[in-house]
Amino acid sequence: MVVFAHPDDAEFGMAGTAAKWTTRGVEVAYVCVTDGSAGSNEPGVDREELARLREAEQRAACEVLGVRDVVFLGIRDGYVELTLDLRRDLTREVRRFRPDLLVAPDPLRFWDDRRMYINHSDHRTVGQACMAVVNPDSSTRPMFPELLDEGFEPHEIPYLWIPMFSGDPDTFIDISETIDLKIQALRCHQSQIHDWPVDEWIRDRARERAEGLEYEFAESFKTFKLREREREEREREEQADESPAGSDAEPAEVA
Ligand SMILES: [Zn+2]
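The structure contained in this document is the topic of the report that follows. Computed from a predicted model, the values in this text were never measured in an experiment. (Residues numbered from 1 in each chain as written. Predicted model: local features only at pLDDT ≥ 70, side-chain atom pairs only at ≥ 80, totals over all residues.)

### Some remarks on the environment of valine 28
1) Next: Structurally, valine 28 can be placed in the loop between helix H1 (9-23) and strand S2 (29-34).
2) Next: Once the C-alpha coordinates of valine 28 and alanine 18 are considered, the two residues, ten residues apart in sequence, prove to be 7.0 Å apart.
3) Next: Once residues lying within four places of it in the same chain are set aside, the contact partners of valine 28 are Val2, Ala18, Trp21, Thr22 and Val67. (Helix = DSSP H or I, 4+ residues; strand = E, 2+ residues; numbered from the N terminus. Contact = placed C-beta atoms within 7 Å.)

Shown next as structure tokens:
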């Protein structure tokens, strides 16, 4: 499950990886927090109309990527606050889809390394909300009892991945086979891309990410193994309690 602030965020951050997952039969769900209605500085643009257009663009991008489950929370673009309402709405989606892996924006990214860009506050705030959803909201029964009434049982998220544009990623995904799909999906966001040479820009960034690796294009992530760590600790305790025989359990497969 991929949670992001604006239509097109997921395409920039990790659409090559999403496409790679869907082509291997992994079910991918998108949760878009805002309506994208601030995505134009042209005077006289109607926010409602732009929101409708951006939802259609996001759905077209999902079609390209094989992402069949997409939800729009509909918060006004630019107005995202860290509220219990947002945490509950995200928790509802997590408990519904029950992902093995959550992709969330970086809550700590205030600006880029070269200090040429201040990160959009919606991105950061959605990242913060997602951290609360991972712990405690989605896994803790007493959190949001109204969700239990709606039939959504707690869900513990095993893996958390944060797309990294710079900084210190620990995981690189070879997107050489899906970079064309990523570009095609980005082009679906016509209201944002206009005649921008997105092809060249995306290839350059993905090539930078793959520097020193044995393939040409990459996306990069900071990753957390949340449930695996608990399980490993439990297994270690069990082994200490019982015989010295080793466990032949394989580490959990990601995606
Ligand atoms: Zn954005």
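Now that the structure has been shown, the text picks up again.
### Here's the deal with the nonpolar core
1) Next: Counting residues in hydrophobic clusters, the biggest one holds 52 residues, and the most contacted among them are Val2, Val3, Ala18, Val33, Leu65, Leu102 and Cys130.
2) Next: The element best represented in this core is H1, accounting for six residues.
3) Next: Contact partners of alanine 18, with chain neighbours within four places excluded, come to Val2, Ala10, Val28, Leu65 and Val67. (Core = buried A, V, L, I, M, F, W, Y, C linked by C-beta atoms within 7 Å. Buried ≥ 20, exposed ≤ 12 C-beta atoms within 10 Å, placed from the backbone.)

### Let's talk about the pairing of strand S5 (residues 159-164)
Remember that side chains alternate between the two faces of the sheet whenever the strand is regular.
1) Next: Buried residues dominate S5, accounting for five of its six residues.
2) Next: Bridge count for S5 against strand S7 (residues 218-225) is six bridges, and the pairing is antiparallel. Following the sheet pairing, methionine 164 is matched in S7 by serine 220. (Pairing = 2+ DSSP bridges.)

### Details of helix H8 (residues 198-209)
1) Next: Between its first and last C-alpha atoms H8 spans 16 Å; for twelve residues at 1.5 Å apiece the expected length is 16 Å, and the two agree.
2) Next: Where H8 is concerned, the buried positions are Ile202, Ala206 and Arg209. What you see down the axis of H8 is that its buried residues fit within an arc of 50°, all on one side. Turned more than 90 degrees from where H8 packs its buried face, Glu200 and Asp204 sit exposed. (Expected span 1.5 Å × (residues − 1). Arc of directions from axis to C-beta.)

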